[in-house]
Amino acid sequence: MTLIFPKESLSAFPKHLTPAYRSTVKRSPSKPLIVMPHTLSELTGPVYGHDAVQEGDNDLTKQHKGEPLGERIIVHGHVYDEDKRPVPDTLVEIWQANACGRYVHNVDQHPAPLDPNFTGAGRAVTDKNGYYKFVTVKPGAYPWGNHHNAWRPNHIHFSVFGYSFVTRLVTQMYFPGDPLFPFDPIFNSVTDEKARLRMVSSFDLENTVPDWALCFRFDIVLRGREQTPTHTEKH
Amino acid sequence: MSEITPSQTVGPFFAYGLAPHSRCDWQPSKIYDWKDTVGADLVTPDASGTRIRIEGRVLDGDGLPINDAMIEIWQADGQGRYAHPRDDRGARPNSKFKGFGRSSTDKAGVYSFDTIKPGSVPGPDGKPQAPHIVVCIFSRGMLRQVYTRIYFADEAANAADPILALVPEERRGTLIAHKGPQGNVSLYTFDIRVQGDNETVFFDI
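Residues numbered from 1 in each chain as written. Chains lettered and ligands numbered in written order. Predicted model: local features only at pLDDT ≥ 70, side-chain atom pairs only at ≥ 80, totals over all residues.

## Observations regarding the overall build of chain B
Then, number 1: The secondary structure content of chain B amounts to one helix and 12 strands.
Then, number 2: Counting helices and strands in the order they occur from the N terminus, chain B gives α-β-β-β-β-β-β-β-β-β-β-β-β.
Then, number 3: Relative to the globule expectation of 17 Å for 205 residues, the C-alpha radius of gyration of chain B, 17 Å, shows essentially globular dimensions.
Then, number 4: Reported as C-alpha extents along the three principal axes, the dimensions of chain B are approximately 55 × 50 × 40 Å.
Then, number 5: Within the span of chain B, comprising 205 residues, buried residues form 53% of the whole.
Then, number 6: In chain B, once contacts between residues fewer than 6 apart in sequence are set aside, the share between residues at least 24 apart is 70%. (Helix = DSSP H or I, 4+ residues; strand = E, 2+ residues; numbered from the N terminus. Rg over C-alpha atoms; globule rule 2.2 N^0.38 Å. Buried ≥ 20, exposed ≤ 12 C-beta atoms within 10 Å, placed from the backbone. Contact = placed C-beta atoms within 7 Å.)

Written out as structure tokens, the structure is:
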């Protein structure tokens, strides 16, 4: 199986310059990107497998002496390529605010409490079926300075590797039905509605554990499809 | 056919999750420590080649330091071999060298890596590429990552590099790291200007 990484697949990505998200104004390239073919340097990428994680790294509720406050949840799903094949043995890293909407970071000065039992970072490696699972608490919404009365919808940050350095993806997982969606310029930087909804997890009643935790499913699709006669590799 | 998951910004608070022991001072208290999987020191005991340090600033369109960026690098080892199954040219002598590093920027917008100078790798049509490192930049205010490359000022092979040749001549200089002495490790400086005058060349890959 030889994978190719067509650039058309990136069409739903946000534009670098999205003025409604103010920080993009001075942090987006103003000159055209240089088109280049994928060489061995782009077709390869970091390999971080099961040796990169330790048991318990995927349970954010057990990193301290006590249990964190908030609503315990399970977040799980599969990592796929564009042909819907599982991406096995790939590193998935997450970080998030605590249940009050506060990040463990000196720069976050939101007047909501830190939780001594919650850091908010986790990692997992997908199994042979591309499956990953985390246990955490639902992150709170929080205000930010982008515009008057700006609040971020609840979200968990995801970082995923995949097969090459060009499949690298950093994204955010949202929760279904969030009332803040229409007002968030980061969420809406993905202008196509169907693409936007690919960042929203679904409530998973079947895998909700009775008397213990709600479950949300978040499948991730990375670049990469099998080479076919209509897709000749550019060299 | 499945359509890919869109990118979103890494935001300002990634450090404790992705680069807990890098240059960013994020910790409100030691109880919140988290262990590194990926760090800014790529050197492994078995890695042969020239040890180098790469350091630079990340600057925004006003020339101000970006103090919440994350820089990732991907490179071949000293013999020009990638630690990846798609590099199928037989056993690698530096098998522990992973070729991947991650650094956050600090208050002054500075990132740094300790690594091995990469060897030449094959390019399109089998012609060699000059030694280079692929760089991926994430930050608050970037809704998707941007990619650039680091080349080395002291490499004659740059003149024949097929990728540098795609870049307008007047902009090629933004891809060149320059050498300065520092102790017994060679220091290269490579600033990244995200926007504006002398903007770093970014690649559409």
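## Things to note about the overall build of chain A
Then, number 1: Helix and strand counts for chain A come out as two helices and 14 strands.
Then, number 2: Expected size for 235 residues packed as a compact globule is a radius of gyration near 18 Å; at 19 Å, chain A falls within 12% of this value.
Then, number 3: Each of the three principal axes of chain A carries a C-alpha extent, and together these read 55 × 40 × 30 Å.
Then, number 4: Per-residue burial over chain A gives 45% buried out of 235 residues.
Then, number 5: Within chain A, residue pairs in contact and separated by at least 24 positions form 72% of the contacts whose partners lie at least 6 positions apart.

## Looking at the sheet that holds strand 4 (residues 91–95) of chain A
Residue and element names in this part refer to chain A.
Then, number 1: Read from one edge of the open sheet, four strands run 5-4-9-10, paired in antiparallel fashion. Across the chains shown, the open sheet's two edge strands, defined by having one partner strand only, are strand 5 (121–125) and strand 10 (169–174). Strand-to-strand, the axes of this sheet are offset by a mean angle of 25°, without reference to chain direction.
Then, number 2: Strand direction decides the pairing type here: strand 4 and strand 5, joined by five bridges, are antiparallel. Bridge assignment links Ile94 to a residue of strand 5, and that residue is Gly122. (Pairing = 2+ DSSP bridges. Axes fitted to C-alpha atoms, helices over the stretch in contact; angles between N-to-C directions.)

## Focus on the interface of chain B and chain A
Then, number 1: Each side of the interface is counted separately: chain B has 67 residues, and chain A has 71 residues.
Then, number 2: When contributions to the side of chain B that touches chain A are tallied by element, the ones reaching two or more residues are helix 1 (15–18), strand 5 (121–122), strand 7 (132–139) and strand 12 (203–204) of chain B.
Then, number 3: Ranked by residue count, the leading element in the side of chain B that touches chain A is strand 7 of chain B, at five residues.
Then, number 4: Class assignment of the residues belonging to the side of chain B that touches chain A gives a composition of 37 nonpolar, 18 polar and 12 charged.
Then, number 5: As defined by bridge partners, strand 2 (residues 34–35) of chain A adjoins strand 12 of chain B across two bridges and the pair is classed as parallel. By the bridge assignment for strand 12 of chain B, Ile34(A) is matched with Phe203(B). (Nonpolar A, V, L, I, M, F, W, Y, C, P; charged D, E, K, R; others polar.)

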